[in-house]
2 protein chains.
Amino acid sequence: MAANIRDVAKLADVSITTVSHVISGRGRVAPATKERVLTAIADLNYQANIHAQRLVSQKSRTLAFQIASFTQNSNSTTLIPNSNYFLEVLNAASNEATRREYVLLILSADVDSSLMDRYGIDGVLIIDPRGDEKIFQTDSNPDWLIVTNGRTVNELTNRIGIVDNDHRRTTRETLIHLRDEGYERPALITTDLGRSYTRDLADEYLVWCKKEGHTPIIVELPEPPTQQAAADAARKILARRLPPDAILASAEDLALGVLHAAQDQGLSVPRDLGIVSAVDSSVLLVATPSITAVYLDPETTGIRAVDMLISALEDQAEFPQQVIVPSELRIRDSTMRRNARGEA
Amino acid sequence: MAANIRDVAKLADVSITTVSHVISGRGRVAPATKERVLTAIADLNYQANIHAQRLVSQKSRTLAFQIASFTQNSNSTTLIPNSNYFLEVLNAASNEATRREYVLLILSADVDSSLMDRYGIDGVLIIDPRGDEKIFQTDSNPDWLIVTNGRTVNELTNRIGIVDNDHRRTTRETLIHLRDEGYERPALITTDLGRSYTRDLADEYLVWCKKEGHTPIIVELPEPPTQQAAADAARKILARRLPPDAILASAEDLALGVLHAAQDQGLSVPRDLGIVSAVDSSVLLVATPSITAVYLDPETTGIRAVDMLISALEDQAEFPQQVIVPSELRIRDSTMRRNARGEA
DNA sequence: ATGAAAGCGCTAACAT
DNA sequence: ATGTTAGCGCTTTCAT
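Residues numbered from 1 in each chain as written. Chains lettered and ligands numbered in written order. Predicted model: local features only at pLDDT ≥ 70, side-chain atom pairs only at ≥ 80, totals over all residues. Heavy atoms only, no water.

Re the domain arrangement of chain A
Reasoning step 1: In terms of domains, chain A is made up of domain 1 (5-57), domain 2 (62-165 + 298-313) and domain 3 (167-295 + 329-343).
Reasoning step 2: On a C-alpha basis, the centroid separation for the pair domain 1 of chain A and domain 3 of chain A is 60 Å. (Domains from an automatic or database assignment.)

Examining the nonpolar core
Generally speaking, soluble globular proteins have nonpolar side chains that are buried together.
Reasoning step 1: By size, the foremost hydrophobic cluster in this structure holds 152 residues, and its most contacted members are A:F65, A:I80, A:I189, B:F65, B:I80 and B:I189.
Reasoning step 2: Apart from the residues within four sequence positions on either side, A:I189 is in contact with A:V219, A:L221, A:A230, A:A233, A:A234, A:I237, A:I247, A:L248, A:A249, A:S250, A:L254 and A:V258.
Reasoning step 3: If you look at the next biggest cluster of nonpolar residues, it comprises 39 residues, including A:V103, A:Y119, A:I126 and B:I50. (Core = buried A, V, L, I, M, F, W, Y, C linked by side-chain atoms within 4.5 Å. Buried < 20%, exposed > 50% of the residue type's maximum accessible area, 1.4 Å probe, protein only. Contact = heavy atoms within 4.5 Å.)

Some points on the sheet that holds strand β4 (residues 145-149) of chain A
Residues and elements named next belong to chain A.
Reasoning step 1: Ordered in space as β2-β1-β3-β4-β5-β11, the 6 strands form an open sheet in which the pairing is parallel. Every interior strand has two partners, whereas the edge strands, β2 (103-106) and β11 (321-325), have only one. Strand after strand, the sheet turns through a mean of 20° between neighbouring axes, direction not considered.
Reasoning step 2: As paired elements, β4 and strand β5 (residues 160-165) share 4 bridges and run parallel to each other. (Pairing = 2+ DSSP bridges. Helix = DSSP H or I, 4+ residues; strand = E, 2+ residues; numbered from the N terminus. Axes fitted to C-alpha atoms, helices over the stretch in contact; angles between N-to-C directions.)

Some details on the pairing of strand β4 (residues 145-149) of chain B
Residue and element names in this part refer to chain B.
Reasoning step 1: In terms of residue burial, β4 counts as a mostly covered element, since 5 of its 5 residues are buried.
Reasoning step 2: Here β4 shows no split at all, with L145, V147 and N149 on one side and I146 and T148 on the other all buried.
Reasoning step 3: Where strand β3 (residues 123-127) lies against β4, 5 bridges are found, and the strand directions are parallel. Among the inter-strand pairings, I127 is bridged to a residue of β4, identified as N149.

Thoughts on helix α4 (residues 50-57) of chain B
Reasoning step 1: Turning to α4(B), its buried residues number three or more, namely B:I50, B:H51 and B:R54. Looking straight down α4(B), one finds its buried side chains confined to an arc of 100°; they lie on one side.
Reasoning step 2: Buried-residue contacts for α4(B) involve α4 (50-57) and α6 (113-119) of chain A together with β1 (62-67) and β2 (103-106) of chain B.
Reasoning step 3: Two or three places before B:H51, at the start of α4(B), stands the capping residue B:N49, its side-chain oxygen 2.7 Å from that residue's backbone nitrogen. (Arc of directions from axis to C-beta. Polar contact = N/O pair within 3.5 Å; in protein donor to acceptor, adjacent residues only side chain to side chain.)

Some words on helix α9 (residues 227-238) of chain B
Residues and elements named next belong to chain B.
Reasoning step 1: Here α9 is 12 residues long and its end C-alpha atoms lie 16 Å apart, about the 16 Å a rise of 1.5 Å per residue gives.
Reasoning step 2: Those residues of α9 that fall on the buried side of the exposure criterion are Q227, A230, A231, A233, A234, I237 and L238. Along the axis of α9, the buried positions cluster into a sector of 165°, meaning they face one direction only. Exposed residues on α9 whose side chains face more than 90 degrees from its buried face are Q228 and K236. (Expected span 1.5 Å × (residues − 1).)

Focus on the protein's contact with DNA strand C
Reasoning step 1: DNA strand C sits among 25 residues. The nearest are A:R28, A:A30, A:T33, B:I5 and B:Y46.
Reasoning step 2: Each atom of DNA strand C within 4 Å of the protein belongs either to a base or to sugar and phosphate, the latter forming 68%.
Reasoning step 3: In this structure, a phosphate oxygen belonging to DNA strand C sits 2.9 Å away from a main-chain N or O atom of B:N49.
Reasoning step 4: Those elements giving two or more residues to the surface near DNA strand C turn out to be α2 (16-24) and α4 of chain A together with α1 (5-12), α2 (16-24) and α4 of chain B.
Reasoning step 5: Among the residues forming the surface near DNA strand C, the class breakdown is 11 nonpolar, 11 polar and 3 charged. (Near = heavy atom within 4 Å. Nonpolar A, V, L, I, M, F, W, Y, C, P; charged D, E, K, R; others polar.)

Description of the interface of chain B and chain A
A common way to express how large an interface is: the accessible area buried when the components associate.
Reasoning step 1: Between chain B and chain A, the contact holds 42 residues from the first and 43 residues from the second.
Reasoning step 2: Interface of chain B and chain A: buried area, both sides summed, is about 3700 Å²; carbon and sulfur atoms make up 50% of it.
Reasoning step 3: Contact with chain A buries area across many residues of chain B, yet B:H51, B:R118 and B:Y119 alone supply 19% of it, more than any other trio.
Reasoning step 4: Put simply, chain B and chain A have 0 salt bridges between them.
Reasoning step 5: Those elements giving two or more residues to the side of chain B that touches chain A turn out to be α4, α5 (84-99), β2, α6 (113-119) and α11 (282-286) of chain B.
Reasoning step 6: Residue classes in the side of chain B that touches chain A are distributed as 18 nonpolar, 19 polar and 5 charged. (Buried area = accessible area lost by both parts, 1.4 Å probe. Salt bridge = Lys/Arg side-chain N within 4 Å of Asp/Glu carboxyl O.)

Here we look at the packing of helix α1 (residues 5-12) of chain A against α2(A)
Packed helices, taken two at a time, are described by the angle between their axes plus the distance between the axes.
Residues and elements named next belong to chain A.
Reasoning step 1: Here α1 crosses α2 at 105°, and the two axes come no closer than 8 Å. In terms of axis orientation, α1 runs roughly perpendicular to α2. When α1 is examined against α2, the residues I5, R6, V8 and A9 are found in contact with a partner set consisting of I16, V19 and S20.
Reasoning step 2: Class assignment of the residues belonging to the contact of α1 with α2 gives a composition of 5 nonpolar, 1 polar and 1 charged. (Parallel < 35°, antiparallel > 145°, perpendicular 65-115°, else oblique.)

Quick word on the protein's contact with DNA strand D
Reasoning step 1: As a structural note, the neighbourhood of DNA strand D is formed by 25 residues, with A:I5, A:Y46, B:S15, B:R28 and B:T33 the closest of them.
Reasoning step 2: Expressed as a percentage, the sugar and phosphate content of the atoms of DNA strand D within 4 Å of the protein is 68%.
Reasoning step 3: Here a phosphate oxygen of DNA strand D sits 3.2 Å away from a polar atom, N or O, in the side chain of A:R26.
Reasoning step 4: One of the side-chain N or O atoms of B:T33 is found 2.4 Å from a phosphate oxygen in DNA strand D.
Reasoning step 5: Contributions of two or more residues to the surface near DNA strand D are made by α1, α2 and α4 of chain A together with α2 and α4 of chain B.
Reasoning step 6: When the residues that make up the surface near DNA strand D are grouped by side-chain class, the tally is 11 nonpolar, 11 polar and 3 charged.

Notes on the relation of the copies chain B and chain A
Note that the two copies of the chain are related through a rotation about an axis and a translation along the same axis.
Reasoning step 1: When chain B is brought onto chain A, the operation consists of a screw motion whose angular component is 180° and whose axial shift is 0.1 Å, with 0.1 Å RMSD remaining. Such a turn and shift between the copies fits a two-fold axis. No C-alpha of chain B approaches the rotation axis more nearly than that of B:H51, which lies at 2.5 Å.
Reasoning step 2: When the interface residues of chain B are mapped onto chain A, 100% of them again lie at the interface, so the same face is used by both copies. (Least-squares fit on C-alpha atoms with pLDDT ≥ 70 in both.)

Let's talk about the environment of A:R169
All names here are of chain A.
Reasoning step 1: Positionally, R169 belongs in helix α7 (residues 167-180).
Reasoning step 2: For the pair R169 and G131, spaced 38 residues apart in the sequence, the C-alpha separation amounts to 23 Å.
Reasoning step 3: Among the polar contacts listed, one links the side chain of R169 to the side chain of E173, at a separation of 2.5 Å.

As structure tokens, then:
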């Protein structure tokens, strides 16, 4: 059986209060006494019971991690879709939470609040929300704080923090890069425009088209993004009288689907068609040709999101608050038309 | 503030014991009383405090999920490597745990047992262990049960359950398939032979070579598996006087690396070289050509592992116990030499 | 500087 | 069938 605080107190010949003080650093304890307690703790291999601590402190030090994606229709919920981005945000968030002695619970985005209550969730981290997720349905005043990765339409209350990239800036950079490479008619293939990052892409794309005098070509695909759907969409717009000569895709799988469609039709990438993914992923590096993409720095996003949430929970920071994680365009073969190595 | 059991008791005009009985289903409660209690619970939106329940029951209903991979050297630990297999096992395990009202905690495989004690972990699910992970260092009698996905060298104690695939059978099927397609000199590229699944591949491969009179070609690469390392290894063995005409790779990224190396050298897949991955993944489907692979059914593995662990924890089953999850070879273009569509 | 004691919300023995 | 009560292991006033 594991030792409890009373065992430690007995062994160190002090009261349990003193032991508690030593552990928490609160209160004053004489150095000698402290030493004795520490020795007793080490001898007994004592660890404070986490459930007792949480019961009495009324805090669970537990965060929910939710990816707000595509779970609507499906029956068996996919907690973590197969995307590098999500995985890296999760890994970083989990490490950071552990470091701060918090527990990260991966929950489906469509669990209702009773489950959250049950686990005594202190804070929620929600990736790519649309804003209509259950968690935002503010019935009176819920017990948790929220940090979103991506913005929602919800008004910025004092319960919400935001970690985001500047997608409009990188989209602009992408379009400039494409123009520099001689592409004249970029198209946009994206999933659900209900998410802020896809909306940012589309908004900036439309601004650009207007300024440059292009006719915009936007295809909005249902979620989840699949290579098949992207390939079909690409085939369709490439069959136009005036087809696009570059395609900006909102997700790695969409970019890959476009690549396959292009290759099927005998188009050369990057010569006949430029391809960019708005989200980087390791698979884009090893595609042939490698695919230009925007690196969003998911690791930093995960860390900053957890930090923001915890510091708000511990009253060291106030919401609303917003952090922009630096991101950058990574140019690869799929858009290097001017110095292209001959690609089939 | 959330209601507690006393609020419910007061509202229903019963004792807290009766409320507890209604919730747990234990004890006898008159139908009418039960009805009143249920109404009170609904009215107050009552949820039993999970920390109090866990404190008194001395059970945490918490499982640790660990992927025993590649974390040795790296500093910031990668909890979940970027592999379809792991992700799908995790998704399935997490769903199943939630369904059974357990919490799944994703922990790094190298956390020491004090963290596990701290969280009061009841059971550990460990994917692809080598057997030298900290969790197996049986200092006296730990408080948790273990289920491994893959076998370890540790003796089968009453604390361990195993969920595995029959890798030897599928390896045999793979080699037969390759022979049927006319490949005569298969090679094996694998990571760390310390894991049971890679060992199974190698053992069965060696048996086959002996029987068929081949000279075995095995390349063992350090972890983690990267396309680069596999490509380098492939180039090397393809440069031999008598190069292999088929390569069996132990992971998706290794297979992709081999594919790139082959294409770089102007070899046609499947004509000049057959490629098989011992683990299926969605990327293998969309590679060009698509790559033959063994489907391990990670979803079933995740569910069975959690089930096994929970039923052992709840005394409905005894360890040691072993379950084999059915797996199958999925033949794709990369080995269909006889009916090959011309591939560059 | 240290300790006694109350109480966090619940379960389970043991009455009645 | 229902209630009383004693903890589970801890934190935190409040004494001393």
